[in-house]
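# Structural characterization, general
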Amino acid sequence: MRDYPVLRLMGIVFLILTGGLCPSLIYALVHEPGMVLPFAGTALVGLSFSVYALKSTEYARRMRLSVRGGILFMGSAWFAMSLLCCLPYWTSGRYTLLQALFESASALTTTGVSCIPDDVPYPVSLLIWHEIIQWLGSMQAMVLFSVIMPRMGATAAAIFSAEGQGVSAERTLPQIHEIVRLLVMLYVGLTLSQTFCLILTGLDPLTSLRMAVCTISSSGFIRDANFLEEHNSIAMEAVIAFFMLVTATNYVLLFRLIQGRFSVFRNDSERKWYTAIVLVTAVAVIANLQWNHVYDSFFQTVRYGLFQVISIFSTSGLASTDYTDWPPFVHMLLFYAAVIGGCSASTAGGIKISRLVVLTKICILEVRRVLHPKMVSSIIMSGQPVAQNTIIGVTRYLFVYVLLMLILTALYSLTGTGMIEALSTIVVFLNNVGPAYTVLGETSNFQNLGSFGYIVLYFAMIVGRIEIISFVILLHPDFWKQRKGW
Amino acid sequence: MNIQIVLYLLGKLSCFLGAFYTVPLLVSLYYGDEGKGIFPACIALCVLLGLLFTRYGHYNRYTELISNRDGILVTVLVWVMAAVLAAIPYAVSGRLDPISAYFEAMSGLTTVGATVIADVEAWPRSLLFWRFWTHWLGGLGIIVIFLAVLPSISGSAVHLFDAESTGFEEGKLKPKLKSTAQILFSIYVGITALTAVLLMMAGLGPYDAVGHAMTCIATGGFSNYNSSVAVFHNPWVELILGLCMFTAGGNFSLYYNVFRKGPKMLLQDDEFRTYTAFIVIIGTLITLNLYVSGVDGSLLHSFRVAFYQTTSFTSTTGTVSTDFEQWPAFSKLLLCLLYITGGCAGSTAGGVKMCRIVVLFRGLRVDVLHMLHPKTIRRVHYNGKVIRGKTMHMILSFFTIYVFTIGVTSLIVAATGTDVLTALTASASCMSSAGPGFGSIIGATGTYAPLPQAAKFVLTWNMVMGRLELFVVLALLNRSFWRGNSRW
């Protein structure tokens, strides 16, 4: 293997994950002696791998990541991580290997679905582990998207509006380190401030932290699915909705805001469209709910409608009420919201707003071209024209996305589900929305899927998280051939 | 915008429709059913309208050129007006309300084959023949027939033809527009006749044989039985119809080349090979799925229904030989995939079209290679020719617009209170001109009758958009289209 920087990066990631094991290990030592061995063993595996990786690539510290390396890392990191993270689940003896993989991938990709039913006890140390890896996984996705994706050429990267002066392939290593550090700090800061806000609404500190982790990572995994419904606190829902909205925006942009560069924030096309799309969808949902008299008071309609729209756009999938009985129009809108997802370089999954905007602009432009066949045109995002390569890349992404979605849906339906159930499940997993698998009104459960079902969903989650194209590249045989001239 | 040209052309269309009404009139006279009261009135109305329009419209083919904008407007209006005129018999007979009648007529003319008639068998034969007849007329496109039969337009009708035909092989058919249209027309008639004769040999009555031949060559989907082709329980009939649909979903100009240069042209054509491969692969998968899940008994029977249904969906015909609503979801979802791919360009099939799908896949491969080897130069080839970047861009944006339009229209259909599955499959089905959808309402044995009027109306636009390949209809949504006195 010549990709030493990749191995090195993988070593760092594993080291961080091993560090993330500590709280669970400590808890297990104190309260759950049965879980000590699984965690200690996992820590040992993780540590030995990362030590090996870091030691053997000591001299590669200053090497730059090649294009192929970037793709290789994007493509394989999540698979490797989910392998390490599944160890505690598997060795605890409560899960089959596939269930353990499913559970760990669900946490890492911030999908947030558990294959353990609510009434079966879940060891607390494992729960802590679940929450930590979803927090770390989400952070990694956001950082990778901000730092590595733009280096993979115009085709794979989304349109980085905030990137005018941000990270690009030309930047040197120290600057990338600096940016990664700042993004991580921002992420930690957001988590802490949400915890603080939740404490102010009257929640106890530990639960607040857990809710913050679940919201900021846009995972939406809560052990008690009816948590929000039971507390029935408007203040709490407002805080959670606000932070979901924030975490689904571009982190680089948020960072500019903190830097005080308001003009970048103000002129960002994706931010504008994000606000507009969420608002329009929310208004449509609320209007439709009101029209169909789903709730008695207008206030309740706004409360539940707005929360659900934000929750699904941010791909966390939390629910403040049971929405399976909402009218089909609302289900359809929420379904599209799940497909669209949040902004690029955020913790959210989905096609991403920036791509949607470019796609929409292409549609409008091409229709206009029918009238003016010789028109010269360009698509502008944040005041910059979008390169032709990027446009081709984005439309190609949609093609692969639609294709993959249909194929995975067909495959998943082999487990014996209905059409709509299969569709909503795959969309929810492919976009890492998770608990919102009832988005089309059909419930589902993941406890007793056959191994085939778990494998399909596992792939859907990870492929969705690594933005599909880097996965498609991995499928190409040329990628695995050793060649010169990368 | 030159209203006079538009009026003139619409008037001509109206006259021709009046002429076409004579065929169902003859059928109704033969069977002596209630149609003999309806169709003469239709003829009178069409001719009257036509004379009125041509009287006030004006078009001199030697001196006037149809502008881009007029071409677009005429193309869309031709479909709308033809559907309105073709809806008259349904509405006058009192069996359908105006919107449903319009839906049925549009579905016939655009060869979608989605029906709003709950009990077809209770209808008189002449009206049912009119349904087949609209399919058949719509099949090659009213406009192509317009061109073949009415030479007076051909000089400057390139725009009209542009709006209809797919494909990126620019200028292939244009120089000899009239003669090409005539050749396509005779191939079309020939296959219809051959299928009808074969069906009669397989034991069908003349009415059923001709009707189903017409529905299949047009890749329509109407039938004069409630349970469509399933009513015959005859494997030979299914085989003949299957072959007919398969042929109808292929490229007609390719068949023309086959006549001239021999059958090896078939094998050399990228699109036709993909089309065949698609049917074989998906048919096999469905066969296996049906056999393994034990829905349809023996392997042979699974094979029979699976391949019939796959061919029916790929060619976007939509005739039904079995109640596929009972199939496992995997098979149904594979059929849904065919809503997107559709048949070949240059056929009566709808959908994105196989040629585009081929180029999309090849483009993806080249893109991946380019990402791996950034400094290499690779091109996408199709039928031995290089696909230019601009063409690739057009195909990708067509796909995008196709997906987006289905997304938006299904949202509108859902807004009328229709459930999600019905909304999604109805709009995809009407867009790809297939016909049947999935779910309890519009499934294999269902009809579009229970849908709200608003949903029906939206779906008629889906049909027109699918038929005219989106751009022409969507151009009407453009604000600048309606702004006066531009010089285009």
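Residues numbered from 1 in each chain as written. Chains lettered and ligands numbered in written order. Predicted model: local features only at pLDDT ≥ 70, side-chain atom pairs only at ≥ 80, totals over all residues. Heavy atoms only, no water.

## Description of the overall build of chain B
Applied cut-off: Counting from the N terminus, the helices are the DSSP runs of H or I reaching at least four residues and the strands are the DSSP runs of E reaching at least two. All radius of gyration figures rest on C-alpha atoms, and the globule criterion is 2.2 Å times the number of residues raised to 0.38. With a 1.4 Å probe rolled over the protein chains alone, any residue whose accessible area is under 20% of its type maximum counts as buried; one over 50% counts as exposed, and the rest are partly exposed. Throughout, a contact is declared for two residues whenever any of their heavy atoms are within 4.5 Å.
In terms of regular secondary structure, chain B is built from 22 helices and 2 strands. Over its C-alpha atoms chain B spans a radius of gyration of 22 Å, differing by no more than 12% from the 23 Å that the globule rule assigns to 488 residues. Along the longest, intermediate and shortest principal axes, the C-alpha atoms of chain B span 60 × 60 × 50 Å. By residue count, 63% of the 488 residues in chain B fall in the buried class. Contacts spanning at least 24 positions in sequence make up 73% of the contacts within chain B whose residues lie at least 6 apart.

## Focus: the overall build of chain A
As a reminder of what qualifies: Residue burial considers only the protein chains on display, and all accessible areas are found by Shrake-Rupley using a 1.4 Å probe. The charged-residue count follows a simple rule in which Lys and Arg add positive charge and Asp and Glu add negative charge, with His and chain termini not counted at all. In plain terms, the charge of a residue is placed at NZ if it is Lys, CZ if Arg, CG if Asp and CD if Glu.
A count of helical and extended segments in chain A gives 20 helices and 2 strands. For a compact globule of 486 residues, the expected C-alpha radius of gyration is about 23 Å, and chain A comes in at 22 Å, within 12% of that figure. Across its three principal directions, the C-alpha atoms of chain A cover 70 × 65 × 50 Å. Considering chain A as a whole, with its 486 residues, one finds that 62% of them fall into the buried category. Long-range contacts, defined as pairs at least 24 residues apart, comprise 73% of the intrachain contacts of chain A with a sequence gap of at least 6. With the model as given, the accessible surface of chain A reaches about 18,400 Å², and the carbon-plus-sulfur share is 66%. Taking the average location of the 30 positive side-chain charges in chain A and that of its 25 negative ones, the two points are 19 Å from each other.

## Side note on the interface of chain A and chain B
Stated formally: Accessible area that two parts lose when put together, evaluated with a 1.4 Å probe and summed over both, is termed the buried area. Salt bridges are defined as contacts in which a side-chain nitrogen from Lys or Arg sits within 4 Å of a carboxyl oxygen from Asp or Glu. As used in this structure description, the phrase polar contact means that two N or O atoms lie within 3.5 Å; if the pair is within protein, one of them must be able to donate a hydrogen and the other to accept it, and residues adjacent in sequence are counted only when both atoms belong to side chains.
In this assembly, 52 residues from chain A lie in contact with 53 residues from chain B. Approximately 4,800 Å² of surface area, both sides summed, lies buried where chain A meets chain B, with 80% of it carried by carbon and sulfur atoms. Across the contact surface, chain A and chain B share 1 salt bridge. Between A:Arg396 and B:Asp367 there is a salt bridge whose closest N-O contact spans 3.2 Å. Our count for the chain A to chain B interface comes out at 7 residue pairs in polar contact (both at pLDDT 80 or more). Looking at the side of chain A that touches chain B, the elements with two or more residues in it are helix 14 (328–340), helix 15 (353–371), helix 16 (388–413), helix 17 (419–430), helix 19 (469–475) and helix 20 (477–480) of chain A.

## A closer look at the pattern of salt bridges
Summed over all chains, the structure comprises 10 salt bridges over all chains. Ionic pairing is found between A:Arg369 and A:Glu366, a salt bridge with its closest N-O pair at 3.3 Å. Within this pair, A:Arg369 and its partner A:Glu366 are both found in helix 15, separated by 3 residues, close to a single helical turn. Taking relative accessible area as the criterion, A:Glu366 reaches 2% and is therefore assigned buried. Salt-bridge contacts for B:Lys332 lead to B:Glu325; the nearest nitrogen and oxygen are separated by 3.4 Å. Given a relative accessible area of 9%, B:Lys332 falls into the buried group. Residues joined in a network through salt bridges with shared partners are B:Asp270, B:Arg273 and B:Arg362.

## Notes on the environment of A:Leu257
Residue and element names in this part refer to chain A. Mapped onto the elements, Leu 257 comes out in helix 10 (residues 251–259). Separated by 122 residues in the primary sequence, Leu 257 and Trp 135 place their C-alpha atoms 23 Å from one another. Among residues more than four places away in sequence, those in contact with Leu 257 are Phe 262 and Phe 265.

## A look at a nonpolar patch on the surface
Let me state the cut-off plainly: Only residues above 30% relative accessible area that lack a salt bridge enter a patch, with like-charged residues linked at up to 9 Å and the nonpolar side chains Val, Leu, Ile, Met, Phe, Trp and Tyr linked at up to 5 Å.
Where nonpolar side chains cluster on the molecular surface, the patch consists of B:Leu194, B:Val197, B:Leu198 and B:Met201 and spans about 410 Å² of accessible area. Mapping B:Val197 onto the fold places it in helix 9 (residues 177–201).

## Things to note about the environment of A:Pro435
Residues and elements named next belong to chain A. Inspection of the secondary structure assignment puts Pro 435 in the loop between helix 17 and helix 18 (451–465). Pro 435 gets classed as partly exposed once you look at its relative accessible area, which sits at 23%. Discounting residues that sit within four places of it in the chain, Pro 435 has contacts with Thr 111, Gly 112, Val 113, Ser 219, Gly 220, Ser 316 and Gly 317.

## Regarding the packing of helix 14 (residues 270–293) of chain B against helix 17 (residues 354–372) of chain B
Residues and elements named next belong to chain B. Inclusion rule: Here, axes are lines fitted to C-alpha atoms. For helices the fit covers the stretch in contact, and angles between N-to-C directions go from 0 to 180 degrees. Roughly parallel covers angles under 35 degrees, roughly antiparallel covers those over 145, roughly perpendicular covers 65 to 115, and oblique covers all other angles. Each residue is assigned to one class: nonpolar for Ala, Val, Leu, Ile, Met, Phe, Trp, Tyr, Cys and Pro, charged for Asp, Glu, Lys and Arg, and polar for all the others, Gly among them.
One can describe the packing of helix 14 onto helix 17 by two numbers: an axis separation of 9 Å at closest approach and a directional angle of 95°. The angle between the axes of helix 14 and helix 17 places the two elements in the roughly perpendicular class. From helix 14, Asp 270, Glu 271, Thr 274, Tyr 275 and Phe 278 reach across to helix 17, where they touch Met 354, Cys 355, Ile 357, Val 358 and Arg 362. Considering only residue class, the contact of helix 14 with helix 17 consists of 6 nonpolar, 1 polar and 3 charged.

## So, the nonpolar core
The line we're drawing: Nonpolar cores are built from buried Ala, Val, Leu, Ile, Met, Phe, Trp, Tyr and Cys residues. Side-chain atoms within 4.5 Å join them into one set.
Ranked by internal contacts, the top residues of the largest apolar core, which has 333 residues, are A:Phe102, A:Ile240, A:Phe429, A:Phe446, B:Phe399 and B:Tyr448. Contact partners of A:Phe102, with chain neighbours within four places excluded, come to A:Val113, A:Ser114, A:Cys115, A:Phe429, A:Phe446, A:Tyr454, A:Leu457 and A:Met461.

## Looking at the side chain of B:Ser429
Residues and elements named next belong to chain B. Topologically, Ser 429 is positioned in helix 19 (residues 420–431). On the accessibility criterion, Ser 429 (0% relative accessible area) is buried. There is a polar contact of 2.9 Å between the side chain of Ser 429 and the backbone oxygen of Pro 436. If near-sequence neighbours (up to four positions away) are discounted, Ser 429 is found in contact with Val 112, Tyr 339, Ala 434, Gly 435, Pro 436, Gly 437 and Tyr 448.

## Let's talk about unusual backbone geometry
Residue and element names in this part refer to chain A. At His 293, a position not held by glycine, the phi torsion is positive, near 55°. Relative to the helices and strands, His 293 is located in the loop between helix 12 (269–291) and helix 13 (298–313). If you check the backbone angles, Asn 432 has positive phi at about 55° while not being a glycine. Looking at the element boundaries, Asn 432 is found in the loop between helix 17 and helix 18. Of the residues examined, Asn 432 reaches a relative accessible area of 0% and is grouped as buried.

## Some remarks on the state of the cysteines
What counts here: Put simply, a disulfide is two cysteine sulfurs that come within 2.5 Å.
Tallying each qualifying case throughout the model produces 0 disulfides over all chains. Sulfur of B:Cys430: no disulfide; nearest cysteine sulfur belongs to B:Cys336 and is 13 Å away.

## Structural notes on the environment of A:Phe446
All names here are of chain A. In this structure, Phe 446 sits in the loop between helix 17 and helix 18. Exposure remark for Phe 446: the relative accessible area of 2% places this residue in the buried category. The spatial distance from the C-alpha of Phe 446 to the C-alpha of Val 113 is 8.3 Å, given a sequence separation of 333 residues. Excluding its chain neighbours within four sequence positions, the residues that come into contact with Phe 446 are Phe 102, Val 113, Cys 115, Tyr 412, Thr 425, Phe 429, Tyr 437, Tyr 454 and Leu 457.

## Here we look at a negative patch on the surface
On the surface, a cluster of negative charge is contributed by A:Asp118, A:Asp119, A:Asp224, A:Glu229, A:Glu230, A:Asp322 and A:Asp325. Among the structural elements, A:Asp224 can be located in the loop between helix 7 (205–216) and helix 8 (227–231).

## Some points on the packing of helix 12 of chain A against helix 13 of chain A
Two numbers describe a pair of packed helices, the interaxial angle and the distance between the axes. Residue and element names in this part refer to chain A. The test is simple: Note on convention: near helix rotated counterclockwise from far helix by under a right angle means a left-handed crossing. Clockwise means right-handed.
For the pair helix 12 and helix 13, the least separation of the axes is 9 Å and the interaxial angle reads 140°. Classified by the interaxial angle, the pair formed by helix 12 and helix 13 is oblique. Helix 13 is crossed by helix 12, and the crossing has right-handed handedness. Facing Ile 277, Val 278, Thr 281, Ala 282, Val 285, Ile 286, Leu 289 and Gln 290 of helix 12, the residues of helix 13 in contact are Phe 298, Thr 301, Val 302, Gly 305, Leu 306, Val 309, Ile 310 and Phe 313. A per-class count over the contact of helix 12 with helix 13 returns 12 nonpolar, 4 polar and no charged.

## Here's the deal with helix 15 of chain A
Our working rule: Expected span, for any helix, means 1.5 Å times one less than how many residues it has.
Look at helix 15 of chain A: 28 Å from first C-alpha to last across 19 residues, which is about the 27 Å you get at 1.5 Å a residue. In terms of residue burial, helix 15 of chain A counts as a mostly covered element, since 14 of its 19 residues are buried.

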